[in-house]
Amino acid sequence: MNKFIKIIFLTILVFPLLLLNLATASEKLKIGLLVPMTGSNKDLGQSIIKAVRLAIKDINNDLIEVIPKDTASIPNKTLQSALELKEMGIKVVVGPIFHKNLKYLDEVMDVTFLSLTNKTIDLPKNVISAGINSTSQLNTIKKFIKQNNLKKTIFLSPIQDYEFEIKKGIKNSKIKIFKNYDYSTEPTKLTKQIEEITNYKIRKQNLEDEILRIKNSNQTNKEKKIKKLEQRYTLGGLNFDAIIIADFDESLKSVTTSLLYTDVSPKQKYFITLNQWFNKSLLNEIDIQPLYFPSINRNNFENYKQKFFQEFKEYPSHLSLLSYDLVGLVYYLSLKNNFSNTNKLFKVKNSFKGKIGIFDIKNNKINHRLNFYKIEDKNFIKIF
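## Describing the pairing of strand β2 (residues 29-35)
Burial within β2 is extensive, with six of its seven residues counted as buried. Between the parallel pair β2 and strand β3 (residues 64-70), the chain is carried across by helix α2 (residues 42-59), and the sense of this crossover is right-handed. The sheet contact formed by β2 and strand β4 (residues 92-94) spans two bridges and is parallel. Bridging from a neighbouring strand, leucine 33 pairs with valine 94 of β4.

As structure tokens, then:
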């Protein structure tokens, strides 16, 4: 094992070994938690608080303490709560959740914030994005493209507030893109743009021209040939072999519907998208299957959901799994450093295996090694 890389297995089996070292600590390990406890996102905040309680229960040590503070999803309130945590001597904080709440955190010196956001642009120096960022997802897609020897992959990115994150991910992952297109999510504009991207009108005209040519020819069995052509929508090849669609939910479905309308089928070209958190509504979209995407480990996610339900009689939010892992991550790294230099925990190169998967940590950055799945025949199927 490389001396700079340490794979940490966050399972209850390793906790007894860690406790032997932690027992020598004279003070509690205090971790801050910044989540919305009031306001429109308070339910999400409560789900994360419960996930953190579950993590502490699994660690099973009285010397670890997590102190939650309210952000109310408001930057000013987030700053106030962060300063309160600093006054308590806390050096590492899990949260806040949303990128907008990071606005003033550079004023809280000597505290490291592990934000649950997956955005990596315009972060204060003391904030680490711990969400599943675009670079992590595109690194995984890049692996799939290489395995399948795909040479011409086009990239479709919506004109949304995260388009620059996507472009940064393309640059960081060094994924080879044949052509990159930005599209409007407005339905009428979207359909027209997809027509242009797929050369739909040209291929449709090719079909009409071919039918007319055969009609005017002296070919034998031309009626049979014409009838066969009339069952098609277009004629002519497509200048790509895979499509990456950087979209989600109904907007993703709109793009795939437009592709089907322009006679582009997932049976002929790879339809690839970003992390869908195992969106079950996609299982019923048979026409766009197979659909490929990077993601966290599904078995771990399902096991965590059941464990959470047994404890709290409700199902967790997706982000709560991330907060569960982050508490374990801080706990282990603090232990390895004898609870000193906690502000440098994330500058040293490490790897950490949690419920989500493997976190790679270096120079105050976190990336995820993800799995890859496809939806086919109404099932989630693991590729790697």
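Text resumes after the structure shown.
## Quick word on the confidence of the model for the protein chain
Taken over all residues, the pLDDT of the protein chain has a mean of 90, while the share at 70 or more is 92%. Counting interchain partners and residues more than four positions distant, the pLDDT-below-50 stretch residues 1-25 has 46 contacts.

## Examining the packing of aromatic side chains
Applying the stated criterion to the full structure yields 20 aromatic pairs. Centroid distance phenylalanine 144 to tyrosine 292: 5.0 Å. Interplanar angle 35°. Geometry classified as tilted. Of this pair, phenylalanine 144 sits in helix α4 (residues 134-147) while tyrosine 292 sits in strand β11 (residues 291-295), and the two are 148 residues apart along the sequence. The class for phenylalanine 144 is buried, based on a relative accessible area of 3%. Classification of tyrosine 292 by relative accessible area gives buried; the value is 9%. Counting every residue linked through ring pairs, the aromatic cluster contains Trp277, Phe278, Phe293, Phe301, Tyr373 and Phe380.

## What to know about unusual backbone geometry
In the segment running from glycine 95 into proline 96, the intervening peptide bond is cis, with an omega of 0°. Looking at the element boundaries, proline 96 is found in the loop between β4 and β5 (112-115). The linkage connecting glutamine 289 with the following residue, proline 290, adopts the cis geometry, with an omega of 5°. You can see proline 290 is positioned in the loop between β10 (270-273) and β11. You will see that alanine 72, though not glycine, has its phi angle at about 55°, which is positive. Along the chain, alanine 72 turns up in the loop between β3 and α3 (75-87). When its relative accessible area of 17% is taken as the criterion, alanine 72 is described as buried.

## A short note on the sheet that holds strand β7 (residues 153-158)
The seven strands are arranged β8-β7-β9-β10-β11-β15-β16 in an open sheet whose pairing can be described as mixed. Strands with a single pairing partner mark the edges of an open sheet, and in this sheet they are β8 (179-183) and β16 (379-382). Between one strand axis and the next, the sheet turns by 25° as a mean value, whatever way the strands run. Bridge count between β11 and strand β15 (residues 371-376): five bridges; the pairing is antiparallel. Pairing of proline 294 across the sheet is with phenylalanine 372, part of β15. Along the sheet, helix α5 (residues 163-173) makes contact with β7 and β8, crossing β7 at roughly 155°. Sheet strands touched by helix α6 (residues 187-197): β7 and β8. Its angle to β8, the strand with the most contacts, is close to 165°.

## Section: the side chain of serine 351
By the secondary structure assignment, serine 351 is in strand β12 (residues 350-353). The class for serine 351 is buried, based on a relative accessible area of 0%. Side-chain polar atoms of serine 351 contact the side chain of aspartate 360, separated by 2.7 Å. There is a polar contact of 3.2 Å between the side chain of serine 351 and the side chain of arginine 369.

## Concerning the environment of serine 320
With respect to the secondary-structure elements, serine 320 resides in helix α11 (residues 318-336). Owing to a relative accessible area of 0%, serine 320 belongs among the buried residues under this scheme. It is 28 Å that separates the C-alpha atoms of serine 320 and glutamate 376, two residues lying 56 residues apart in sequence. Within the structure, the side chain of serine 320 is placed 2.8 Å from the side chain of tyrosine 304, a separation counted as a polar contact.

Scoring rules and cut-offs
The residue count restarts for each chain, going from 1 along the sequence in the order it is written. At least 70 in pLDDT is required for a residue's local features to be given in this predicted model, at least 80 for side-chain atom pairs to be given and counted, and no such filter applies to totals for whole chains, interfaces and linings, which use all residues. Remark: hydrogens and water are excluded; side-chain values derive from all non-hydrogen atoms of the structure. Buried, partly exposed and exposed residues are distinguished by accessible area as a fraction of the type maximum, computed with a 1.4 Å probe on protein chains only: under 20%, between the cut-offs, and over 50%, respectively. Each helix is a run of DSSP H or I of at least 4 residues and each strand a run of E of at least 2, with the numbering of both proceeding from the N terminus. We call a crossover right-handed when, viewed with the strands running away from us, the connection from the first strand over the helix to the second turns clockwise. The rule for pairing is simple: two strands pair if DSSP sees at least two bridges between them. A score from 0 to 100, pLDDT tells how confident the predictor is in each residue. Residue contacts follow a heavy-atom distance rule, with two residues in contact if any of their heavy atoms lie within 4.5 Å. Stacked, tilted and edge-to-face are the three classes assigned to paired rings of Phe, Tyr and Trp, where Trp is represented by its six-membered ring and a pair needs centres within 6.5 Å; plane angles under 30 degrees give stacked, over 60 edge-to-face, the rest tilted. Between N-to-C directions, angles cover 0 to 180 degrees, with each direction set by a line fitted to C-alpha atoms, over the stretch in contact for helices. We define a polar contact as two N or O atoms separated by no more than 3.5 Å, with the added condition that, inside protein, one atom must be a possible hydrogen donor and the other a possible acceptor, whereas residues neighbouring each other in sequence contribute only through side-chain atom pairs.

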